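Overview (structure and organization)
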Amino acid sequence: MKKYILQKIEELKYLYPGEKIGINAGFIGIENGNRLKHTTYLGDAYFMIDNIIYTDYNTKNDAAKKLITLKN
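The notes below deal with the structure included here. Each residue is numbered by its place in its chain's sequence as written, counting from 1. This being a predicted model, a pLDDT of at least 70 is required before a residue's local features are given, and a value of 80 or more before pairs of side-chain atoms are given or counted; all residues contribute to the totals for chains, interfaces and linings. By convention in this description, side-chain values take in all heavy atoms of the structure and omit both hydrogens and water.

The next point concerns the overall build of the protein chain. Counting from the N terminus, the helices are DSSP H or I runs at least four residues long and the strands are E runs at least two residues long. The helix and strand tally for the protein chain stands at one helix and six strands. When its helices and strands are written in sequence order, the protein chain yields α-β-β-β-β-β-β. Evaluated residue by residue, the protein chain yields a buried proportion of 33% over its 72 residues. A contact between two residues is defined here by any heavy atoms of the two lying within 4.5 Å. The long-range share in the protein chain, meaning contacts at least 24 apart out of those at least 6 apart in sequence, stands at 25%. Residue exposure ignores everything except the shown protein chains as possible cover, and the areas themselves are Shrake-Rupley values with a 1.4 Å probe. With an accessible surface of roughly 5,100 Å², the protein chain has 47% of that area assigned to carbon and sulfur atoms. Exposure is judged per residue with a 1.4 Å probe applied to protein chains only, and the accessible area is read against the type maximum: over 50% gives exposed, under 20% gives buried, and values in between give partly exposed.

Moving on, we get to the pairing of strand β3 (residues 35-41). Sheet topology note: the strand β2 (residues 27-32)/β3 ladder contains five bridges and is antiparallel. Across the sheet, residue asparagine 32 finds its bridge partner in β3, namely arginine 35. Between the end of β2 and the start of β3, which pair antiparallel, lie two residues, with glycine 33 showing a positive phi angle near 70°. Only strands that DSSP links by at least two bridges are regarded as paired with each other.

Our focus in this paragraph is the sheet that holds β3. Read from one edge to the other, the open sheet built from three strands follows the order β1-β2-β3, with strand pairing classed as antiparallel. Strands at the two margins of the open sheet, each flanked by one partner only, are β1 (21-24) and β3. For this sheet, the mean inter-axis angle between neighbouring strands, taken without regard to orientation, is 40°. Sheet topology places β1 next to β2; four bridges connect them, and they run antiparallel. Directly across from glycine 22, in β2, lies its bridge partner glycine 29. Lines are fitted to the C-alpha atoms to define the axes, a helix being fitted only along its stretch in contact, and any angle between axes, read from their N-to-C directions, falls within 0 to 180 degrees.

Before going further, it helps to examine the packing of aromatic side chains. Between the rings of Phe, Tyr and Trp (Trp by its six-membered ring), a pair exists once the centres lie within 6.5 Å; its type follows the angle of the planes, with under 30 degrees stacked, over 60 edge-to-face, and the other angles tilted. The tally for this structure, following the rule as stated, stands at two aromatic pairs. Look at phenylalanine 27 and tyrosine 41: their rings are 4.8 Å apart centre to centre, the planes differ by 55°, and that puts the pair in the tilted class. Of this pair, phenylalanine 27 sits in strand β2 while tyrosine 41 sits in strand β3, placing them 14 residues apart in sequence. The class of phenylalanine 27 is partly exposed, set by a relative accessible area of 33%.

What follows deals with the sheet that holds strand β6 (residues 65-69). The antiparallel open sheet is built from three strands, whose spatial order is β4-β5-β6. In this open sheet, the two edge strands, each paired with only one partner strand, are β4 (46-49) and β6. The mean inter-strand angle of the sheet, taken between neighbouring strand axes irrespective of direction, is 35°. Where β4 meets strand β5 (residues 52-55), four bridges bridge the pair, whose relative direction is antiparallel. Counted as the bridge partner of tyrosine 46 is threonine 55 from β5. Lying on the sheet, helix α1 (residues 2-15) is in contact with β4, β5 and β6; it crosses β6 at an angle near 30°.

Following this line, the structure appears as structure tokens:
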């Protein structure tokens, strides 16, 4: 899944250069106010805090696993 997310990030950066990428309610896309545009559903287990993408899917503990750090 990490490879898929990295591909989506590269796609978004190509289509919307200079725009901020975000994750909201399991969707990854370009931030547009309180909403996202050009979204792709990743799943409820994926979320973002301070430009770091986390997952709590199959971590075998209560802590979320750091997946990717975005550099917008």
